[in-house]
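Observations on the three-dimensional arrangement
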Amino acid sequence: MDLAAFQTFQASLHLAAEQSTAIVLRTIEFSETSLIVTLLTREFGRVSAMAKGARRPKGPFEGALDLLAVCRVVVLRKSSDSLDLLTEAKLHRRFRGGERSLERVYGGYYIAEMLRLLTDDHDPHPNVYDLTIRTLQQIDGIGEVASSLTYFDAQILRMLGHSPGTDRCTDCGSKVMGSSRIAFSLSSGGIVCNQCRGRQRQTISVRGRVIDEIKRLQSTDAELPTKVPAELYVELRAILNRYIQTVVGSVPRMQPFLPSVTRTETNV
Ligand SMILES: [Zn+2]
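Structure report, in brief. (Residues numbered from 1 in each chain as written. Predicted model: local features only at pLDDT ≥ 70, side-chain atom pairs only at ≥ 80, totals over all residues. Heavy atoms only, no water.)

For the peptide bond that leads from Leu224 to Pro225, omega is -5 degrees, which places it in the cis range. The residue Pro225 is located in the loop between helix 6 (208-218) and helix 7 (230-248) in this model. Phi at Leu68 takes a positive value of approximately 70 degrees, unusual for a residue other than glycine. Inspection of the secondary structure puts Leu68 in the loop between strand 3 (45-51) and strand 4 (70-77). Accessibility expressed as a relative area gives 2% for Leu68, which makes it buried. Phi angles above zero are rare outside glycine, and His122 is one such case at about 55 degrees. (Helix = DSSP H or I, 4+ residues; strand = E, 2+ residues; numbered from the N terminus. Buried < 20%, exposed > 50% of the residue type's maximum accessible area, 1.4 Å probe, protein only.)

Further remarks concern the layout of surface pockets. Computed from the structure, the second largest pocket encloses a volume of approximately 230 Å³. Surrounding the second largest pocket, Leu25, Arg26, Thr27, Leu67, Tyr109, Ala112, Glu113, Arg116, Arg253 and Met254 form its lining. Contributions of two or more residues to the lining of the second largest pocket are made by strand 1 (16-29) and helix 2 (102-118). Top contributing element to the lining of the second largest pocket by residue count: helix 2, with four residues. (1 Å grid on protein atoms, 1.4 Å probe; cavity = no way out; pocket = protein on both sides within 12 Å on 5 of 7 lines; lining within 4 Å. Points joined across faces, edges and corners; volume = space filled by probe spheres on them.)

A few words on the coordination of the zinc ion. Coordination of the zinc ion by the protein comes from Cys169 (SG), Cys172 (SG), Cys193 (SG) and Cys196 (SG), over a distance range of 2.2 to 2.3 Å. In this structure, the zinc ion is surrounded by four donor atoms whose angles at the metal cover 103 to 116 degrees, and the resulting shape is tetrahedral. The sequence motif formed by the donor residues of the zinc ion is C-x2-C-x20-C-x2-C. You can see Cys172 sitting in the loop between helix 4 (145-159) and strand 6 (181-185) and its partner Cys193 sitting in the loop between strand 7 (190-192) and helix 5 (194-197), a full 21 residues away along the chain. By relative accessible area, which is 4% here, Cys193 ends up buried. (Donors = N, O, S within 2.8 Å, 3.2 Å for Na, K, Ca; no water. Tetrahedral: all angles 85-135°; square planar, octahedral: opposite > 155°, others 65-115°.)

What follows covers the environment of Val70. By the secondary structure assignment, Val70 is in strand 4. For the pair Val70 and Val248, spaced 178 residues apart in the sequence, the C-alpha separation amounts to 25 Å. Aside from chain neighbours lying at most four places away, what touches Val70 is Ala22, Ile23, Lys90, Leu91, His92, Arg93, Tyr129 and Ile133. (Contact = heavy atoms within 4.5 Å.)

It is worth spelling out the sheet that holds strand 3 at this point. Reading around the barrel, the five strands line up as 1-2-3-5-4 and close back on themselves, with mixed pairing between neighbours. Taken over all neighbouring pairs, the strand axes of this sheet differ in orientation by 50 degrees on average, direction set aside. Pairing between strand 1 and strand 4: eight bridges, direction antiparallel. From the neighbouring strand, Ala16 faces strand 4, where its bridge partner is Arg77. Relative to the sheet, helix 2 contacts strand 1, strand 2 (35-41) and strand 3, its axis offset from that of strand 1 by approximately 120 degrees. (Pairing = 2+ DSSP bridges. Axes fitted to C-alpha atoms, helices over the stretch in contact; angles between N-to-C directions.)

If you want it as structure tokens, here you go:
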């Protein structure tokens, strides 16, 4: 189809052109020349769109559709169930984690996977988009990967209404008396008091300091760069992983590749 014909076709479908900045979350080969891309756009949330000609050597998107690239896009939104159409993508910033370390590459993949799992098509969350940009700057640059990803998880869960309960018993609402260890219930989504503990299906005993650290990381005041204390990290990551599995209903594929330790500045 030539351009004029395409424009007529496009007009006939009453497509609305939408412009936004976007982060590339996934690309799938569709044909010899086309890709299906999943984008997180700032204005419209997650979008899946067909990128025609994207696989041609000198195609119209020129490197803008690499994983985690940040670009300016124009998407034609279809009114029916069919895929949206990506007509423009102009590269702003490429993800360069791969030039630094495997840990940074995996960190980037993890972020992309979490965004695919936790967000919905056409459900915009500009704060999640901005959080992702800030986190990628750490992962892609010299920020500490383990702490940055833990912060990302705590913040995105809060922004999307999935924060684990860390203040009161998530079953009866009563105050949980501070002690060195607190019961965390996966079925009720947070800490539980001693009375409620017995009727939970799955509880994990967690150090009170780990709960305090989760509380700190998910607060609206927390910022990047941040540092999770090394002595809390392993336990915190483990509970967060289990909690996220409960929220998304599966084990994220990149979860086993998360950093196993936090790093100090001397061993980056
Ligand atoms: Zn209770």
